[in-house]
Each structure stands twice: as structure tokens, then as C-alpha cells.
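Geometric and topological summary
What follows is the residue order along each chain.
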Amino acid sequence: MRVPSSRVLSILLLVVALGVAAVWGFNALGQPRAVSADARTTALARQIKCPVCNGESAADSAAPIAVEMRSVIRQKVAAGESDQEILTYFRQRYGDDILLAPPKAGFDLIAWLAPVVALVLGGVAIFSLSQSWMSRARGAVAEPLPAPASGDDRELRLTLRRAVAADEGLPEDGGSA
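Figured I'd write up the structure that's included with this text. (Residues numbered from 1 in each chain as written. Predicted model: local features only at pLDDT ≥ 70, side-chain atom pairs only at ≥ 80, totals over all residues. Heavy atoms only, no water.)

1. A few points about the overall build of the protein
Along the protein, the regular secondary structure elements total six helices and zero strands. Put simply, the protein runs from its N terminus to its C terminus through helices and strands in the order α-α-α-α-α-α. Residues classed as buried in the protein amount to 16% of the 177 residues present. Of the contacts formed within the protein by residues at least 6 apart in sequence, a portion of 44% connects residues at least 24 apart. Put simply, the protein shows about 13,100 Å² of open surface, and 61% of that area lies on carbon and sulfur atoms. (Helix = DSSP H or I, 4+ residues; strand = E, 2+ residues; numbered from the N terminus. Buried < 20%, exposed > 50% of the residue type's maximum accessible area, 1.4 Å probe, protein only. Contact = heavy atoms within 4.5 Å. Areas by Shrake-Rupley, 256 points an atom, 1.4 Å probe, with all protein chains shown as cover.)

Structural data, given as C-alpha cells:
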């Protein structure tokens, strides 16, 4: 089996890193804004947790408080408030935990950066290991045995015995032919 060259591994690692960065960047930038007020209300309600439900958004919950939250969102959208102003309104009343996605600041920044850092460190570790393995594989290429000085079979056996003894750490003259 042929071991891929370091150049091929470098290109493969670069392609994987660019792909992950593109996906992460697309998710970080967000989706385009909804046009209608109802779609915008639903999109904002999906970003806010229902305070009484376990891990459910205000958009998906049937709890009375979630219905009231959607009504407040709808009123604020109709009043012309921006998405950030509406989310800030709920954060001021319920704290940062009301948001389904943690804010990208302070201690919560770790939640956003940890996967990227882990991916980069994993890529560096894989690249380093592959370089180490490939250098060992290049160094492990066996050198051909020296040809005996004459065509004598006994000389060939002696040469082979010396080579095996050297590989196994035995004395060279440790036996008879």
C-alpha cells in the first residue's frame, strides 16, 4: 500500500479546514431576514426559549407564557423595532439564558470558539503524526545486503548471519555454519 505524500495530506487538510470554515461562517452570518411580519415574528420566537418548557422555543410551545411572548414580539415587530431591540428586551427581563443560542461574548464565547479550536488542534495533531509516520516509513527502507566477494555458498551464509545478528543485536560469530 502506498503512503500519500505530505503534499497530498496538506492539501486534504486545507480543503477540510476551508469546508468547515465555510459552514461555520454561513451559520455565523445567519439567514436572510424574513419579509412578512408573521415570518419575522416566528423567526424571533424561534430564538427565544419558553421559560416554562424544557428546551423548547417560544415559537413551538403551547404554554400560555409562550403565547404571550409571541404576542409581545408581534407588537414590537409592528411598532418597527429591530430584531436586536426585541431580543434585548427579552434578555433584560429574563437574562441571557432566555436565548436558545448563547451570546457570542464573554464566557459564552468559549461555546462558539471551542469547536473551531478543537478542529484546528486535531488537524495539526493529525498532520504532525502523519509527518512522523512518513519519515519513519522512509527511514525503514531496507538496504540491500552486500554481495559476497566470491560465488562461495559459505561466504553468502556468513554474510546473511552477520546481517541477522546485527538486526537482532546478537554477536556476529555466534554459531557454526
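Don't stop here, the text continues.
2. Quick word on the packing of helix α2 (residues 37-46) against helix α3 (residues 64-78)
Across the interface, α2 lies against α3 with an axial gap of 9 Å and an inter-helix angle of 130 degrees. Classed by the angle they form, the pair α2 and α3 counts as oblique. Crossing geometry of α2 relative to α3 is assigned as right-handed. When α2 is examined against α3, the residues A37, D38, R40, T41, L44 and A45 are found in contact with a partner set consisting of R70, I73, R74 and V77. Of the residues belonging to the contact of α2 with α3, the class tally is five nonpolar, one polar and four charged. (Axes fitted to C-alpha atoms, helices over the stretch in contact; angles between N-to-C directions. Parallel < 35°, antiparallel > 145°, perpendicular 65-115°, else oblique. Left-handed = near helix turned anticlockwise from the far one by under 90°. Nonpolar A, V, L, I, M, F, W, Y, C, P; charged D, E, K, R; others polar.)

3. A look at the nonpolar core
L44, I48, M69, I73, I86, F90 and I98 are the most contacted members of the largest nonpolar core, which totals 16 residues. Of all the elements in the fold, those that place two or more residues in this core are α2, α3 and α4 (83-94). Counting residues per element, this core draws most heavily on α3, at five residues. Those residues in contact with M69 that lie beyond four places of it in its chain are I48, K49, P51, A58, F90, Y94 and I98. (Core = buried A, V, L, I, M, F, W, Y, C linked by side-chain atoms within 4.5 Å.)

4. Quick notes on the environment of G55
Among the secondary structure elements, G55 is positioned in the loop between α2 and α3. Along the sequence, G55 and L100 sit 45 residues apart, while their C-alpha atoms lie 8.0 Å from each other.

5. Quick notes on the pattern of salt bridges
Going through the model one piece at a time under the given rule, you end up with four salt bridges. Close ionic contact of R40 with D83 constitutes a salt bridge, the shortest N to O distance being 2.6 Å. One end of the pair, R40, is in helix α2; the other, D83, is in helix α4, with 43 residues separating them in the sequence. The residues R40 and D83 share a single accessibility class, namely buried. Note that D60 is salt-bridged to R46, the shortest N-O span being 3.1 Å. With D60 in the loop between α2 and α3 and R46 in helix α2, the pair connects residues that are 14 residues apart, well separated along the chain. (Salt bridge = Lys/Arg side-chain N within 4 Å of Asp/Glu carboxyl O.)

6. What to know about α2
All of the buried residues along α2 are R40, T41, L44 and A45. Along the axis of α2, the buried residues cluster in a sector spanning 135 degrees; they form a single face. On its buried face, α2 is in contact with α3 and α4. (Arc of directions from axis to C-beta.)

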